[in-house]
Amino acid sequence: MNDELKGKSSKVKVMYVRGDDENSTSGKNPRTGKGGYRPDGERRPARNADSKPRGGRDRDEGRSDSPWRTVSRAPNAAAADDKPDHGGISGKSFINPEQLRRQRMEETRVYGEHACQALFQSRPESIVRAWFVQSVTPRFREALKWMAANRKAYHTVDDAELQKASGTEHHGGVCFLIKKRVGMPVSEWLAQSGQKDCVLALEDIGNPHNLGGIMRSCAHFGAKGLLVDDASLLESGAAVRTAEGGAEHVQAISGESFAAGLDAFRKAGYTIVTTSSHQGVPLSKAELPAKMVLVLGQERDGLSDSTLQQGDLSVSISGTGNVESLNVSVATGVLLAEWWRQNA
């Protein structure tokens, strides 16, 4: 053992040197008794091929029976029975791609507090999934209870997540994924119609905000049917939100064609009333029958010539002439208000 004093720090550095005695055991661990000096050239015996790893267990023992066994696979190699996963409830179930596409075509997303409240009151069974921001959940307490009882998925999310779910920043705090309604056949509508019935026929009107405004006016003045070429247009999120709940009080009607639908209504005793901004009887002087089909066209081109020829009565809305015409949803409100006044 060498002891020596280093520097001016007054610290003693002690160095222990192993002795040369071959039988020295000074290097052994005093607790376990292991270690210590080995004669020159002597090493720890190598573990042979038959020896077991530490712990006394064979590394491969029971491997084939383990549920957590890792199976090595070459890069990019797929198992023969691998199938694409389209994310079922558990994230593992398989859905046929064609079925998935068909399902998405049958569904749509609607949003807006009034629109979703009215939809829940009218047809809750159509709801597939729902998203809410926390602030609106107290006003949807009844809907949340119903969805929980009927195992309908719903999520409380932040505003950014709801924008992604609804596809718009104008979501109003709630979004429903729903099953689309289909158009009612003309024959079925005629079978249940009464003595007083105003049906709107929309030719080439596709703007969702105009459609929403039209549905809102229909709900307000009691026009319950809309003859359209594509019933799904009335189910778009923007149209339903603009209608502010009015979409639940109207029914899409579909025929073999737009012209065939008008002809079927005429044969059933309805008066076909067309509209024009340049010709026709001024609305203030027109007598609107209790049972009629009010035909409206897009603002730019109006009604087609063939549709105008099918009309029994043509009316116009008088004004200053400073603008070409009214917005079609505004004109609808004016026309329906007069029909309601005359037939209330």
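Look above for the structure.
Quick look at the structure, then.

About the cut-offs
- The numbering scheme is per chain: residues are counted from 1 as the chain's sequence reads.
- Local features are withheld for residues below a pLDDT of 70 in this predicted model, meaning they are given only at 70 or higher, and side-chain atom pairs are given and counted only at 80 or more; totals for whole chains, interfaces and linings count all residues.
- Note that water and hydrogens are dropped before the side-chain values are worked out from all heavy atoms of the structure.
- In this scheme, patches are assembled from residues that exceed 30% relative accessible area and form no salt bridge. Like charges are connected within 9 Å, while nonpolar side chains (Val, Leu, Ile, Met, Phe, Trp, Tyr) are connected within 5 Å.
- In these tables, accessible area is a Shrake-Rupley quantity obtained with a 1.4 Å probe, and a residue counts as shielded only by the protein chains included in the view.
- Whenever Lys or Arg places a side-chain nitrogen within 4 Å of a carboxyl oxygen from Asp or Glu, that contact is recorded as a salt bridge.
- Under the convention used here, Asp and Glu are negative, Lys and Arg are positive, and both His and the chain ends fall outside the count.
- One atom stands in for each charge, and that atom is NZ of Lys, CZ of Arg, CG of Asp or CD of Glu.
- In DSSP terms, a helix is any run of H or I states spanning at least four residues, a strand is any run of E spanning at least two, and both are numbered starting from the N terminus.
- Every angle, taken between N-to-C directions, lies between 0 and 180 degrees, and every axis is a line fitted to C-alpha atoms, over only the stretch in contact when it is a helix.
- Orientation labels follow simple angle bins: below 35 degrees gives roughly parallel, above 145 gives roughly antiparallel, 65 to 115 gives roughly perpendicular, and whatever is left gives oblique.
- Helix crossings fall into two classes, left-handed where the near helix is turned counterclockwise from the far one by less than a right angle and right-handed where it is turned clockwise.
- Whether two residues are in contact is decided by their heavy atoms: any pair within 4.5 Å suffices.
- Under this definition, polar contacts are N or O atom pairs within 3.5 Å; protein pairs additionally need one hydrogen-donor-capable and one acceptor-capable atom, and for neighbouring residues in sequence, both atoms have to be side-chain atoms.
- Two strands make a pair as long as DSSP finds a minimum of two bridges between them.
- Looking down the strands as they point away from you, a crossover is right-handed if its path from the first strand over the helix to the second goes clockwise.
- Buried means the residue's accessible area, taken with a 1.4 Å probe over protein chains only, is under 20% of the maximum for its type, while exposed means over 50%, and partly exposed covers the values in between.

## Some remarks on a negative patch on the surface
Here comes step 1: Together, Asp158, Asp159, Glu161 and Glu169 make up a region of like negative charge exposed at the surface.
Here comes step 2: As for its position among the elements, Asp159 is in helix α4 (residues 159-166).

## Looking at the packing of helix α6 (residues 208-221) against helix α10 (residues 328-343)
The packing of two helices is summarised by the inter-axis angle and the distance between the axes.
Here comes step 1: At a minimum axis distance of 8 Å, the contact between α6 and α10 shows a crossing angle of 10°. Put simply, α6 runs roughly parallel to α10. The way α6 lies across α10 gives a crossing that is right-handed. Facing Asn210, Gly213, Ile214, Ser217, Cys218 and Phe221 of α6, the residues of α10 in contact are Val328, Ser329, Thr332, Gly333, Leu336, Ala337, Trp339 and Trp340.

## Some points on the side chain of Ser276
Here comes step 1: For Ser276, the location among the structural elements is in the loop between β11 (271-275) and β12 (281-282).
Here comes step 2: Within the structure, the side chain of Ser276 is placed 3.3 Å from the backbone nitrogen of Gln279, a separation counted as a polar contact.
Here comes step 3: For Ser276, the contacting residues outside a window of four places in its chain are Ser314, Val315, Ser316 and Ile317.

## Remarks on the sheet that holds strand β6 (residues 174-179)
Here comes step 1: Taken in spatial order, the four strands of this open sheet run β3-β6-β4-β5, and their pairing is mixed. Of all strands in the sheet, those bounded by a partner on one side alone are β3 (107-111) and β5 (153-156). For this sheet, the mean angle separating the axes of adjacent strands, direction not counted, is 15°.
Here comes step 2: Sitting on the sheet, helix α2 (residues 113-122) touches β3, β4 (127-132) and β6, and the angle it makes with β6 is about 40°.
Here comes step 3: Here α4 sits on the sheet and contacts β3, β4 and β6; the angle it forms with β6, its principal contact strand, is near 25°.

## Thoughts on the pairing of β5
Here comes step 1: Strand direction decides the pairing type here: β4 and β5, joined by four bridges, are parallel. Bridging across to β5, Phe132 finds its partner in Thr156.
Here comes step 2: For the crossover from β4 across helix α3 (residues 141-149) to β5, the handedness is right-handed.

## Comments concerning a nonpolar patch on the surface
Here comes step 1: A cluster of nonpolar side chains, namely Leu326, Val330 and Val334, defines an oily patch on the protein surface of about 210 Å² accessible area.
Here comes step 2: Its location among the elements puts Val330 in helix α10.
Here comes step 3: For Val330, a relative accessible area of 44% translates into the label partly exposed.

## Digging into the sheet that holds strand β10 (residues 251-254)
Here comes step 1: The eight strands lie next to each other as β7-β10-β9-β8-β13-β11-β14-β12, forming an open sheet whose pairing is parallel. The outermost strands of the open sheet, each flanked by one partner alone, are β7 (184-185) and β12.
Here comes step 2: Pairing analysis gives two bridges linking β12 to strand β14 (residues 313-316), with the strands arranged parallel. Across the sheet, Val281 pairs through a bridge with Val315, a residue of β14.
Here comes step 3: This element, α6, spans β8 (197-203) and β9 (225-227) of the sheet and lies at about 175° to β8.

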